[in-house]
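Analysis of the macromolecular model
Spelled out from the first residue to the last, the chains are:
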Amino acid sequence: MITVEDLGKSFALHNQGATIIPVLEGGKFQVKPGECVALTGVSGAGKSTVMRILYGNYLAQAGRVVIDGLDITKAEPREILKLRRQTLGYVSQFLRVVPRVPTIDVVSEPLLSVGKSEEEARERACDLLSRLRIPERLWELSPTTFSGGEQQRVNIARGFAHAYPALLLDEPTASLDAQNRQTVLTLIEEAKAGGAAIVGIFHDVEARARVADREIDVTAFTPRLAA
Ligand SMILES: Nc1ncnc2c1ncn2[C@@H]1O[C@H](COP(=O)(O)OP(=O)(O)OP(=O)(O)O)[C@@H](O)[C@H]1O
């Protein structure tokens, strides 16, 4: 489902004498349906950079990143947006939402955008919000005024609403209480059982041990650290 080959990325710092920082070289891995791979490596090794390349936010200078048959290093923006809508989910720690949209709609929206009925989308959203312990009295309110932890859980509910065949998880259990952390780990296990190919960054070692089938140390793709 996800294939990365010969991945290369460097950053040019234009405001600092055009200094070039090589970050990734020869990055290579595959993630099959139903498999969860954890990216590891020291701080600064390039874990977030790999995730941003996989989501199409950063453009790689070398190599191929094929997700569900689409090479996102060469794809048009509209093809990447279609991939994100139907195939490739991303759960970060932070919620970015349009103001004044009720929580229930924020969580239902990914399902409506892939053509699910209003009823099915709402049912799934209610189920996820209940499981993630967002009180029902908050569902019709915009999450913009929610606490940090509530916003994080709304974001997780939204990220898991549609059964994406490929899923990127950036510290999904960071700063959650013990019960909600368990719920999120169960959601990840359910996504795997449903056939999702998952790539994640988990600083939470126990969470990583529970859900990840394999670890990939990106230090091996980092020329200045591997040397
Ligand atoms: N937009 C950017 N411009 C310039 N340099 C960048 C940019 N993004 C990342 N880098 C550099 O790339 C390297 C890898 O950063 P990255 O955030 O991917 O590491 P990481 O392994 O995720 O680290 P951490 O565990 O601390 O989050 C760092 O040296 C960083 O300074």
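Residues numbered from 1 in each chain as written. Predicted model: local features only at pLDDT ≥ 70, side-chain atom pairs only at ≥ 80, totals over all residues.

Before going further, it helps to examine the packing of helix α3 (residues 103–112) against helix α5 (residues 148–161). Where α3 meets α5, the closest approach of the two axes is 7 Å, and the angle between their N-to-C directions is 25 degrees. In terms of axis orientation, α3 runs roughly parallel to α5. Judged by the twist between their axes, the crossing of α3 over α5 is right-handed. Two secondary-structure elements touch here, α3 through T103, V106, V107, S108, P110 and L111 and α5 through V154, A157, R158 and A161. In terms of residue class, the contact of α3 with α5 is built from seven nonpolar, two polar and one charged. (Axes fitted to C-alpha atoms, helices over the stretch in contact; angles between N-to-C directions. Helix = DSSP H or I, 4+ residues; strand = E, 2+ residues; numbered from the N terminus. Parallel < 35°, antiparallel > 145°, perpendicular 65-115°, else oblique. Left-handed = near helix turned anticlockwise from the far one by under 90°. Contact = placed C-beta atoms within 7 Å. Nonpolar A, V, L, I, M, F, W, Y, C, P; charged D, E, K, R; others polar.)

Below, the discussion takes up unusual backbone geometry. Backbone geometry at D6 places phi at a positive 50 degrees, although glycine is not the residue there. Residue D6 is classed as partly exposed on the basis of its C-beta count, with 14 C-beta atoms lying within 10 Å. A positive phi angle, near 55 degrees, is found at S175, a position not held by glycine. Positionally, S175 belongs in the loop between β7 (166–170) and α6 (178–193). Given 12 C-beta atoms within 10 Å, S175 falls into the exposed group. (Buried ≥ 20, exposed ≤ 12 C-beta atoms within 10 Å, placed from the backbone.)

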